Amino acid sequence: MSPQIVGSPTAQGAATEPDRTQVSVPAAADGEALAGAAATTVTTVATAAAVTRTATGAAITAITAATTATATTEPAASPPMVPLAVPPSVPAASPATATAVPPVAPANPATATTPATAPTPATPVTAAATAAGTAATAAATAKTTVTAALPGLPQALSARARTLAGAVRRRCADLARIESPSGDAPRLDALAEELAAGFRATGATARREPGPAGDHLVLEWEGRDETLPHLLIVGHHDTVWPVGTLADWPVTEQDGRLTGPGVVDMKGGLAILEGALALLADLGERPHRAVRLVVVSDEEVGSPDGRRLVERQLRGAAAVLGLEPPHPDGRLKTARRGSTRVRLTVTGREAHAGNDAHDGVSAVDELVDQLVAVRDLAGQPGTELNAGRISGGSRANVIAGRAEAELGLRFSTAEAQRRTLDHLARLTALRPGARVRTEVLSSRPAWPERTGNPLLRHVRSLAAVLGQQLDGAPAGGAGDTNLPGSRGLPTLDGFGAVGAGAHARHEHIRLDQIGPRIALLAALLAVPLPRLRDRAEG
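Procedures and definitions
Residues numbered from 1 in each chain as written. Predicted model: local features only at pLDDT ≥ 70, side-chain atom pairs only at ≥ 80, totals over all residues. Heavy atoms only, no water. Helix = DSSP H or I, 4+ residues; strand = E, 2+ residues; numbered from the N terminus. Buried < 20%, exposed > 50% of the residue type's maximum accessible area, 1.4 Å probe, protein only. Contact = heavy atoms within 4.5 Å. Areas by Shrake-Rupley, 256 points an atom, 1.4 Å probe, with all protein chains shown as cover. Pairing = 2+ DSSP bridges. Axes fitted to C-alpha atoms, helices over the stretch in contact; angles between N-to-C directions. Parallel < 35°, antiparallel > 145°, perpendicular 65-115°, else oblique. Left-handed = near helix turned anticlockwise from the far one by under 90°. Nonpolar A, V, L, I, M, F, W, Y, C, P; charged D, E, K, R; others polar. 1 Å grid on protein atoms, 1.4 Å probe; cavity = no way out; pocket = protein on both sides within 12 Å on 5 of 7 lines; lining within 4 Å. Points joined across faces, edges and corners; volume = space filled by probe spheres on them. Salt bridge = Lys/Arg side-chain N within 4 Å of Asp/Glu carboxyl O. Phe/Tyr/Trp six-rings, centres within 6.5 Å; stacked < 30°, edge-to-face > 60°.

### A closer look at the overall build of the protein chain
Right, so step 1: Helix and strand counts for the protein chain come out as 14 helices and 16 strands.
Right, so step 2: Among the 538 residues that make up the protein chain, the fraction classed as buried is 52%.
Right, so step 3: The contacts of the protein chain with a sequence gap of at least 6 include a subset with a gap of at least 24, amounting to 84%.
Right, so step 4: Of the accessible surface of the protein chain, which amounts to about 22,300 Å², a share of 56% is contributed by carbon and sulfur atoms.

### A look at the pairing of strand E1 (residues 205-209)
Right, so step 1: Two strands pair when backbone bridges link them, and E1 and strand E2 (residues 216-221) are joined in this way by 5 bridges, in the antiparallel orientation. Along E2, the bridge assignment pairs Glu-209 with His-216.

### Quick notes on the packing of helix H8 (residues 263-282) against helix H14 (residues 514-526)
Right, so step 1: Across the interface, H8 lies against H14 with an axial gap of 8 Å and an inter-helix angle of 60 degrees. As far as their axial angle goes, H14 and H8 are oblique. Crossing handedness for the pair H8 and H14: right-handed. On H14, the residues that touch Ile-272, Leu-273, Gly-275, Ala-276, Leu-277, Leu-279 and Leu-280 of H8 are Ile-514, Arg-517, Ile-518, Leu-521, Ala-522, Leu-525 and Ala-526.
Right, so step 2: Of the residues belonging to the contact of H8 with H14, the class tally is 12 nonpolar, 1 polar and 1 charged.

### Considerations on the environment of Ala-396
Right, so step 1: Residue placement: Ala-396 occurs in the loop between strand E10 (383-392) and strand E11 (402-411).
Right, so step 2: With relative accessibility at 85%, the residue Ala-396 sits in the exposed group.
Right, so step 3: Ala-396 sits 43 residues away from Ala-353 along the chain, and the two C-alpha atoms are 7.8 Å apart.

### Brief notes about the pairing of E2
Right, so step 1: Within E2, 5 of the 6 residues are buried, which leaves the element mostly enclosed by the surrounding structure.
Right, so step 2: Taken together, E1 and the strand that follows it, E2, pair antiparallel across an intervening segment of 6 residues, in which Gly-214 is found at a positive phi of about 130 degrees.
Right, so step 3: Relative to strand E6 (residues 291-296), E2 is paired through 5 bridges, and the arrangement is antiparallel. Bridging from a neighbouring strand, Glu-220 pairs with Arg-292 of E6.

### A word on empty space enclosed by the protein
Right, so step 1: This structure, assessed with the given rule, holds 4 cavities of 30 Å³ or more.
Right, so step 2: Each pocket or cavity is described by its volume, and for the largest cavity that value is around 70 Å³.
Right, so step 3: Lining the largest cavity are Gly-302, Ser-303, Arg-307, Val-310, Ser-443, Arg-444, Pro-445, Gly-479, Asp-480, Asn-482 and Leu-483.
Right, so step 4: Among the elements of the structure, helix H9 (306-314), strand E12 (435-444) and helix H13 (482-486) are those that each provide at least two residues to the lining of the largest cavity.
Right, so step 5: Looking at the lining of the largest cavity, its residues break down into 3 nonpolar, 5 polar and 3 charged.

### Examining H8
Right, so step 1: Most of H8 sits out of view: 19 of its 20 residues are buried.
Right, so step 2: Just beyond H8, the residue with positive phi is Gly-284, at close to 70 degrees.

### Quick look at the environment of Ala-429
Right, so step 1: Summarising the element assignment, Ala-429 is placed in the loop between helix H11 (414-425) and E12.
Right, so step 2: For Ala-429, a relative accessible area of 31% corresponds to the partly exposed category.
Right, so step 3: Separated by 82 residues in the primary sequence, Ala-429 and Thr-347 place their C-alpha atoms 9.6 Å from one another.
Right, so step 4: Excluding residues that lie within four positions of it along the chain, Ala-429 makes contacts with Glu-366, Gln-370, Ala-434, Arg-435 and Val-436.

### A word on the sheet that holds strand E3 (residues 231-236)
Working definition: the strands of a sheet are paired by backbone hydrogen bonds and lie parallel or antiparallel to each other.
Right, so step 1: As summarised here, the arrangement of the 6 strands in space is E1-E2-E6-E3-E7-E14, forming an open sheet in which the pairing is mixed. The strands lining the two open edges of the sheet, one partner per strand, are E1 and strand E14 (491-492).
Right, so step 2: Sheet topology note: the E3/E6 ladder contains 6 bridges and is parallel. For Val-234, the partnering residue across the bridge sits in E6 and is Val-294.
Right, so step 3: Lying over the sheet, H8 contacts E2, E3 and E6, oriented at roughly 145 degrees with respect to E3.

### Brief notes about the packing of helix H6 (residues 185-200) against H8
Right, so step 1: Their axes nearest at 10 Å, the elements H6 and H8 cross at an angle of 20 degrees. On the basis of their axis angle, the class for H6 and H8 is roughly parallel. Handedness of the crossing formed by H6 with H8: right-handed. Where H6 abuts H8, its residues Leu-191, Leu-195, Gly-198 and Phe-199 lie against Lys-267, Leu-270, Leu-273, Glu-274 and Leu-277.
Right, so step 2: Taken together, the residues that form the contact of H6 with H8 break down as 6 nonpolar, 1 polar and 2 charged.

### Focus: the pattern of salt bridges
Right, so step 1: Taken as a whole and judged by the stated rule, the model has 36 salt bridges.
Right, so step 2: One salt bridge in this structure joins Glu-209 and Arg-312, with 3.6 Å as the shortest N-O distance. With Glu-209 in strand E1 and Arg-312 in helix H9, this residue pair connects regions lying 103 residues apart in the sequence.
Right, so step 3: Among the residues examined, Glu-209 registers a relative accessible area of 0% and is labelled buried.
Right, so step 4: Residues Arg-307 and Glu-311 are paired through a salt bridge, measuring 4.0 Å at the closest nitrogen-oxygen approach. Note that Arg-307 and Glu-311 are positioned in helix H9 at a spacing of 4 residues, about one turn of the helix.
Right, so step 5: The partly exposed category is assigned to Glu-311, whose relative accessible area is 27%.
Right, so step 6: Among the charged side chains, a salt-bridge network with shared partners connects Arg-341, Arg-343, Arg-389, Arg-402, Glu-404, Glu-406, Arg-437 and Glu-439.

### Describing the packing of aromatic side chains
Right, so step 1: Counted under the stated rule, the structure contains 2 aromatic pairs.
Right, so step 2: When the ring of Phe-199 is compared with that of Trp-221, the centres are 5.7 Å apart and the planes differ by 85 degrees; the resulting orientation is edge-to-face. You can see Phe-199 sitting in helix H6 and its partner Trp-221 sitting in strand E2, a full 22 residues away along the chain.
Right, so step 3: Judged by its relative accessible area of 0%, Phe-199 is buried.

If you want it as structure tokens, here you go:
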């Protein structure tokens, strides 16, 4: 078991109903090797509370009042997007670090606003500038209110998070060293047990949910007010990286970055959440309302089985948070495109390529022609297509009797998704004797942008109290937050580690942003949510 962040074990719940979905599972890995990879001494990071429970309660009350004042002062529409700023309590990067990890910059400089601490050049007054100024004034008022109620609160919370950042960094590195590719059930199960142990140490009850390609986790923390709807958090512990990747790409810390397979997507997010809950436990506090966490083992292949667990926990949820990494500049993710994985299978007729070619029907030729036709779909509004994998045939002197391709499709709207999938379902063979079959492997609905977004305004106000500048923007990729977002539940993603390079060899997280993310998540869990929709309580 790798070092955890705080110790306070609770009982483990029993596993619930077995899987009902059939998915092929690769051969089992060596269990002893997995156990060895996970076996290290359990350590505990400092647990003495620097703030008494009474002071913590007053602090949370102060933050609540401050963020409420901010939410009522802000306009309904989001102001221009601003990049994440490191709180003053986080040490400045060294010159070497500053070279390797450039300062966070907005994705679109034309829409960025100038931070409150920077000199503001004279510019014409516009509606956007007025909105940004109003938000900045509200944030300043919120911070002043908290400081007056309990001097030094924002600095204290950020300082405590910064103290835990080193343990969270090590925890992320340890988790990344347990390889967990999608479909490798033994390795995924070993990591699931490691995660369960870590979260139990922060006060969670945990249960393993059997899955065909690795167990999922469902964890729950009691809240101070158990009458309120729960807060749902979704994450995953599978990665896109095959076993053996660590051999030539080990987890490494250099120039202010932690790099390695899966560090940003999404073992960093899991470690940060553990750190946030450890921070609350260290203060003798619990989340304001019950918190449920679903960690699925198959997100990277579309959550074909994990989706049922996410869907089950959506019932009665007040809001949903995702632990995927944010945009590279730190902004949260406020919407996602829909996505679908489709397999095209072509069956032909084998024959000798020299003597009896006229008797054969090439499945490979048919598949190529189908893909050329299918690529035209990418030109349709709101649709993108990637032919990710192709296979077929047996030998150069044999007419191919079978071929298949796996397609990745992304959609900006539900209508584009429906139109494209209907087209694929009606594909027919272009040559006599061939057969074409379309199979949907996984599908996620489009999550559209929400006008006004009270959840984003609440989180942005909390960030301002902590000395952070934060905003949100739609994301191109899909994830488990697509499901609640598509159904209109208050949803935000991107609460994981700030970094870049998911699914690529330059995958990394920024170490200077671990502390701010811990503080933000801890505050979000501890402070009451505002009213987010008409039928939500609390």
